[in-house]
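As a plain string of letters, each chain reads:
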Amino acid sequence: MNSKKLNKFLTDKFGDKIGNLFNEIILSFITSLWFMILMFPIMIIKVNTIDQTIIWRWHNLIYIGAGSFVLSYLWRKALKLKEMKSRTEENSKKSFSLSESLSNLSESKFHYPAMGVTLLLFILIPVFSSLYQTTVLSSALIYVMLGLGLNIVVGLGGLLNLGYVAFYIVGAYSYAMLNTHFGLSFWVALPIGALLSTVFGILLALPILRLRGDYLAIVTLAFAEIIRLILQNEGDIFGGPSGINNIEPPSFFGFEFGLDGKTVLMYYIILFMTIFTIFVIFRLENSRIGRAWQALREDEIATKSMGINVTMTKLTSFALGATWAGFAGVLFSAKTAFINPDSFTIWESVIILCFVVLGGMGSIFGVAIAALILYILPESLRAFAQYRMLVYGISLVLMMIFRQGGIIDVKRKHYKLPDNIKAD
Amino acid sequence: MTHVLEVNNLSKHFGGLKAVDEVSLKVEKNQIVALIGPNGAGKTTFFNCITGMYKPTSGEIYIPSSAHRDSHITGEGHRTKAIHGLNPHVITECGIARTFQNIRLFQNMTVLENIMIGRHCRLSTGIIGAIFRTRKSRLEESELIHDSHEILTKIGLENYANEFAKNLPYGAQRKLEIARALATDPFLLLLDEPAAGMNPQETKELDGLIVKLRDTEDLSILLIEHDMNLVMSLAENIYVMDYGKLIAQGTPTQIKSDKKVIEAYLGEEIDA
Ligand SMILES: Nc1ncnc2c1ncn2[C@@H]1O[C@H](COP(=O)(O)OP(=O)(O)OP(=O)(O)O)[C@@H](O)[C@H]1O
Ligand SMILES: [Mg+2]
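Not measured: the values here are computed from a predicted model.

Asker: Whenever I open this one, the sheet that holds strand 6 (residues 96-98) of chain B confuses me. Can you help?
Answerer: The pairing of strands in a sheet happens through backbone hydrogen bonds and is either parallel or antiparallel. Residue and element names in this part refer to chain B. Overall, mixed pairing links the 6 strands, which are arranged 6-7-8-3-9-10 in an open sheet. In this open sheet, the two edge strands, each paired with only one partner strand, are strand 6 and strand 10 (245-250). Adjacent strand axes in the sheet meet at a mean angle of 20°, parallel and antiparallel pairs treated alike. One ladder, built from 5 bridges, connects strand 9 (residues 237-242) with strand 10; its direction is antiparallel. Counted as the bridge partner of Ile-238 is Gly-250 from strand 10. Running over the sheet, helix 6 (residues 170-183) touches strand 6 and strand 7 (188-192) and is turned about 155° from strand 7. Running at roughly 155° to strand 8 (residues 220-224), helix 7 (residues 200-216) makes contact with strand 3 (32-36), strand 7 and strand 8 of the sheet.

Asker: How should I be thinking about the pairing of strand 1 (residues 3-14) of chain B in this particular structure?
Answerer: Looking down a regular strand, the side chains alternate between one sheet face and the other. Residues and elements named next belong to chain B. Bridging between strand 1 and strand 2 (residues 17-28) involves 8 bridges; their strand directions are antiparallel. Bridging from a neighbouring strand, His-3 pairs with Glu-28 of strand 2. In textbook terms, the turn of a hairpin is the stretch between consecutive antiparallel strands, and for strand 1 and strand 2 this stretch comprises 2 residues, one of which, Gly-15, has a positive phi near 60°. When strand 1 meets strand 4 (residues 58-64), the two strands line up antiparallel, connected through 4 bridges. Directly across from Ser-11, in strand 4, lies its bridge partner Ser-58.

Asker: Even after reading the chapter, I still don't get the site of ligand 1, so can you show me in this structure?
Answerer: All names here are of chain B. Around ligand 1 sit 14 residues, and of these Asn-39, Lys-43, Thr-44, Thr-45 and Gln-101 come closest. Here an oxygen atom of ligand 1 and a side-chain polar atom of Thr-44 are 2.6 Å apart. The contact in question runs from an oxygen atom of ligand 1 to an N or O atom on the side chain of Glu-193, over 3.4 Å. Against a free-state accessible area of 640 Å², the protein chains account for coverage of 64% of ligand 1. Contributions of two or more residues to the shell around ligand 1 are made by strand 2 and helix 1 (43-50). No other element matches helix 1, which puts 3 residues into the shell around ligand 1. Residue composition of the shell around ligand 1, grouped by class: 5 nonpolar, 7 polar and 2 charged.

Asker: Sorry, what's going on with the domain arrangement of chain A here?
Answerer: Reports of interface size often rely on the accessible area that becomes lost once the parts have come together. The domains assigned to chain A are domain 1 (3-94) and domain 2 (115-402). One C-alpha centre belongs to domain 1 of chain A, the other to domain 2 of chain A; they are set 41 Å apart.

Asker: Looking at this structure, how should I read the interface of chain B and chain A?
Answerer: Across the contact, 41 residues belong to chain B and 34 residues belong to chain A. For the pair chain B and chain A, the summed buried area comes to about 3,600 Å², and 65% of that belongs to carbon and sulfur atoms. When residues of chain B are sorted by the area they lose upon contact with chain A, His-120, Ile-127 and Ile-131 of chain B head the list and together hold 17% of the total. Seen at the junction of chain B and chain A, the total is 2 salt bridges. The partner of Glu-141 of chain B in a salt bridge is Arg-291 of chain A, and the shortest N-O contact between them spans 3.2 Å. At the boundary of chain B with chain A, the tally comes to 10 residue pairs in polar contact (both at pLDDT 80 or more). When contributions to the side of chain B that touches chain A are tallied by element, the ones reaching two or more residues are helix 2 (88-94), helix 3 (111-118), helix 4 (127-132) and helix 5 (135-155) of chain B. It is helix 5 of chain B that provides the largest number of residues to the side of chain B that touches chain A, a total of 8 residues. Taken together, the residues of the side of chain B that touches chain A break down into 18 nonpolar, 14 polar and 9 charged.

Asker: Would you mind going over the coordination of the magnesium ion (ligand 2) with me for this structure?
Answerer: Angles at a metal have ideal values that depend on geometry: 109.5 degrees with four tetrahedral donors, 90 or 180 degrees with six octahedral donors. Protein coordination of the magnesium ion (ligand 2) is provided by Thr-44 of chain B (OG1) and Gln-101 of chain B (OE1), with donor distances spanning 1.8 to 2.1 Å. Of this pair, Thr-44 of chain B sits in helix 1 while Gln-101 of chain B sits in the loop between strand 6 and helix 3, placing them 57 residues apart in sequence.

Asker: Explain the nonpolar core here, please?
Answerer: Leu-146, Tyr-168, Tyr-173, Leu-331, Ile-339 and Phe-344 of chain A are the most contacted members of the largest nonpolar core, which has 92 residues in total. In terms of residues, this core owes the most to one element, helix 6 (residues 131-156) of chain A, which gives 15 residues. In this structure, Ile-36, Leu-105, Ile-115 and Leu-209 of chain B belong to the second largest nonpolar core, which totals 51 residues.

Asker: Sorry, what's going on with unusual backbone geometry here?
Answerer: Glycine aside, residues mostly have negative phi angles, and peptide bonds mostly take the trans form. Not every positive phi belongs to a glycine, and Glu-22 of chain B is a case in point at roughly 50°. In this fold, Glu-22 of chain B is placed in strand 2.

Asker: Please explain the environment of Lys-12 of chain B as it appears in this structure.
Answerer: All names here are of chain B. Tracing the backbone through its elements, the reader meets Lys-12 in strand 1. Expressed as a C-alpha distance, the spacing of Lys-12 and Ile-238, which sit 226 residues apart in the sequence, is 21 Å. Apart from the residues within four sequence positions on either side, Lys-12 is in contact with Leu-17, Lys-18, Ala-19, Val-20, Thr-45, Cys-49, Tyr-54, Lys-55, Pro-56 and Thr-57. Of note is the side chain of Lys-12, whose polar atom sits 2.9 Å from the backbone oxygen of Lys-55.

Asker: So what exactly am I meant to see when it comes to the packing of helix 8 (residues 186-208) of chain A against helix 14 (residues 310-336) of chain A here?
Answerer: The axes of two packed helices give the description: the angle between them and the distance between them. Residues and elements named next belong to chain A. Here helix 8 crosses helix 14 at 145°, and the two axes come no closer than 7 Å. In the crossing of helix 8 with helix 14, the sense of the turn from one axis to the other is right-handed. Class assignment for the residues of the contact of helix 8 with helix 14 results in 18 nonpolar, 6 polar and no charged.

Asker: I would appreciate a short explanation of the pattern of salt bridges in the present structure.
Answerer: Taken as a whole, this structure holds 15 salt bridges over all chains when the rule is applied. Between Arg-297 of chain A and Glu-298 of chain A there is a salt bridge whose closest N-O contact spans 3.3 Å. Judged by relative accessible area, Arg-297 of chain A falls into the partly exposed class, the value being 27%. Here Arg-214 of chain B and Glu-236 of chain B are joined by a salt bridge, their closest N and O atoms 2.8 Å apart. Here Arg-214 of chain B is found in helix 7, whereas its partner Glu-236 of chain B is found in the loop between helix 8 (228-234) and strand 9, with 22 residues between them in sequence. Its relative accessible area of 36% is what places Glu-236 of chain B among the partly exposed residues. When salt bridges that share partners are traced, they join Glu-24, Lys-77 and Lys-80 of chain A into one network.

Asker: I'm lost on the packing of helix 11 (residues 259-285) of chain A against helix 14 of chain A in this one. Help?
Answerer: Residues and elements named next belong to chain A. At a minimum axis separation of 11 Å, helix 11 and helix 14 run at an interaxial angle of 175°. By the criterion of interaxial angle, the relationship of helix 11 to helix 14 is roughly antiparallel. The residues of helix 14 that touch helix 11, namely those facing Met-266, Ile-269, Ile-270, Met-273, Phe-276, Thr-277, Val-280 and Leu-284, are Leu-320, Trp-324, Phe-327, Leu-331, Ala-334 and Lys-335. For the contact of helix 11 with helix 14, a count of residues per class yields 12 nonpolar, 1 polar and 1 charged.

Asker: Can you walk me through the state of the cysteines in this structure?
Answerer: All names here are of chain B. Applying the stated rule across the entire model yields 0 disulfides over all chains. Unpaired in this structure, Cys-121 has its nearest cysteine sulfur neighbour in Cys-94, at a distance of 10 Å. The exposure class of Cys-121 is buried, given its relative accessible area of 13%.

Asker: So what exactly am I meant to see when it comes to the environment of Asn-87 of chain B here?
Answerer: All names here are of chain B. Positionally, Asn-87 belongs in the loop between strand 5 (80-82) and helix 2. Exposure remark for Asn-87: the relative accessible area of 40% places this residue in the partly exposed category. Distance from Asn-87 to Val-4, taken between C-alpha atoms, is 19 Å for residues 83 residues apart in sequence.

Criteria and thresholds
- Residues numbered from 1 in each chain as written.
- Chains lettered and ligands numbered in written order.
- Predicted model: local features only at pLDDT ≥ 70, side-chain atom pairs only at ≥ 80, totals over all residues.
- Heavy atoms only, no water.
- Pairing = 2+ DSSP bridges.
- Helix = DSSP H or I, 4+ residues; strand = E, 2+ residues; numbered from the N terminus.
- Axes fitted to C-alpha atoms, helices over the stretch in contact; angles between N-to-C directions.
- Contact = heavy atoms within 4.5 Å.
- Near = heavy atom within 4 Å.
- Polar contact = N/O pair within 3.5 Å; in protein donor to acceptor, adjacent residues only side chain to side chain.
- Areas by Shrake-Rupley, 256 points an atom, 1.4 Å probe, with all protein chains shown as cover.
- Nonpolar A, V, L, I, M, F, W, Y, C, P; charged D, E, K, R; others polar.
- Domains from an automatic or database assignment.
- Buried area = accessible area lost by both parts, 1.4 Å probe.
- Salt bridge = Lys/Arg side-chain N within 4 Å of Asp/Glu carboxyl O.
- Donors = N, O, S within 2.8 Å, 3.2 Å for Na, K, Ca; no water.
- Core = buried A, V, L, I, M, F, W, Y, C linked by side-chain atoms within 4.5 Å.
- Buried < 20%, exposed > 50% of the residue type's maximum accessible area, 1.4 Å probe, protein only.
- Left-handed = near helix turned anticlockwise from the far one by under 90°.
- Parallel < 35°, antiparallel > 145°, perpendicular 65-115°, else oblique.
- Disulfide = S-S within 2.5 Å.

Given below as C-alpha cells:
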C-alpha cells in the first residue's frame, strides 16, 4: 500500500494529528500482520515427528502480533523523533545532549579533575571488589587497549583492518614462547613482543597498502586466519591446538605474591599500560603525524597533493596499531598463563572493530567507554552471554540509523593563536 | 625572463585515448598563464601529469633546480631539474601546488586544520617528537598555528578558522582550496577551474585575489578556467587545447581572433 496516499487521504478526512496517528497505527498493523505470516511456520506450527501430529501453538501468534505491532510503532516514533531533532538542530544549532556534554567535558576546565576522579576510581577498584570482578576488569582494559590501537588504524588512518587479531597473536605468542623456551621475564618480553608485532605490521603493510577499502579488509582478514591456522597446525613449535601453558605471571622487584596479589598486580600493570596508551594516542592525535593520518582518511588524493608521503603515513598508522596489539597480546598471555589458537578467532577482530565503530571512529574516550561497557555488560549478565553477538549487531544497526558518529562525536580541537606570537 | 615551468611534448594515453598529445608549455616567473579548451580536452589530465598524479606516457617536465621561492633564481644559464615521473608528494615539496576541479577538502576537519595539513611538508616533527612534546616540536606547533592563521587572513577566511570545512559556503570552500595549496609554500600554483560554480561577485573577488597573490607572494600561476571574462582579464598568455592537442597559444587578443579556437568552441562567445 502506498503510505503517502494513505496519509493524504487520512489527513484530509480527520485533520493532521489524528490522521497521522491513524496512519501510523495502520502501518504498524500491516507490519505485524506480515510478521505473523512470516513466523507462522516457525513459531506456530510444531510437528511432532514421533506421533505424526501437528501441534498448533496459536497463543504464539498473539505474542508475535502484539510484539511486532508495539515494536513497529515505537520504531516509527523513534525515526520521526530523530528527523524532528535534526531539523530543530539545523534551526538553532544549539541542543543539549549527553554525548555533547561528554565531549565538551574533554575541553572544559573540569577536564583534569574529572580525569583524576576516574583514575582514582580505577586505582581503588581492586580494594573493594572481588577477585573475579578485578579479573573481568583487567580483561576489559585489555580490550580498551586493543580498541584504541585499532582506532589508530581504522578511526584515524581510515584503513579497514579486519585482521587486527593477527598482531594480538604475535604479541601473545612471543611472550608465551620467550618465557617458556628461554625463561625471559615479562618486563623484558613486553617491549620485545610489541616490537615483533610492529615488525609484522610493517611486513604485512608493505605489499598491501596499495589496496583500498574492501580489498584491504579481505587481505587482512585472510592474514589473521592464516596465522591462526599456522599456530593450530605447527604442534612442535607453537603447541598446536592445545597451545602453550605455564606462562609465568609478571614479577615485581622480587616480591612474592599469592594468587590474589598476582591478580591485583596484573590489574595494575594493565591499568598502567592502558593509561600509557591513552596518553600516547592523545599526544599523537593532534600532532603533525596524527593530522596526516586523518587527512588520509578524508581524502587520499588531496593528501598526496599536500606533499604528504601517503605510503609512509599508511605504514606508520598500520604499524603503530600493530604495536598496541602486541602490548595487549603480551599482557593477555601473562594474565591468563595459558593461550591457544581458540582465543584468537576472527570474532576477536570483529568485536574490537565493533568497539571502535560504536565508540565513535577516532574518539579516544568514545572507544574506551564502548569497550568497557560492551565487554563488561555481557560478562556480568552471564545468562545473556550467548546473545553477545546479537546485542552487538543490534546496537550497530541502531547506531547506524540514529547516531552515525558513534557514542561520542569527535570534536575537533580549536586552536588559539599563541599569545607570545600574537604580539608581533 | 626565466621559466619556472617548461613542459616538452608531454603525452598521456589511456589505452587508445590520447588524453594529452604532445603538449608543450612554458610559464615564466610571476606570469599568469591560462589553459583553456572545451570539456574533455585533457586539461585536468595535463595538470595531473605535472603534479605526478599520473605518470606521463612520454615527454619532459622541467623546473629550475632551485626554484623554491626563498632562493634567488639566477638569470640565463640557470640549471633545470626534471620532475616527470616523480611522486606527487616530492613534486609538492619541490614547490608546485594545486587545487582540484571538484573540491577535495578534508571535509570533517576544521578550516585551520586543512591549512595545517598543507604545511606538513615544511615541518619535521615525527612520532617521537609528538609523544614527548619536545621543545622543538612545541615551538614548531605554535609557529604552525601562527602561520596557518596568517594564511587564512591573507585569503580572507579567518572568521571560519574553527568551522568544519564541509560547513563552508561554496565560494569559501574554493578559496580554502587555494589557501591550502598556498600553505605548501609553492613557487608555482596550478588552479583547476577556481571560479567554477561561483557567482559573478565571487568571481570578481577571485580575480583580485589571484593578482594579489601573484604580486605579494611572488608566485607564478597556471590556471584552467571556463569563465572567459576571468581568463581574458587575468592571463598574459593563453594556451588552448582540444582533443588532447595544443591548437593555439598567444596573448588574449591573439586568441580571441584565432580561427582554430573559434572553431573548437563552435560558436561559443569568446570575446570578453
Ligand atoms: N583516469 C582516466 N582513465 C581513463 N580516461 C581518462 C582518465 N582521466 C581522464 N580521462 C579521459 O581523458 C579525457 C580528458 O579528460 P580531462 O579530465 O583531462 O578533461 P578536461 O579538459 O579537464 O575537461 P573538463 O573541462 O570537463 O574538466 C576525457 O576524455 C576523459 O574521459
Ligand atoms: Mg578538468
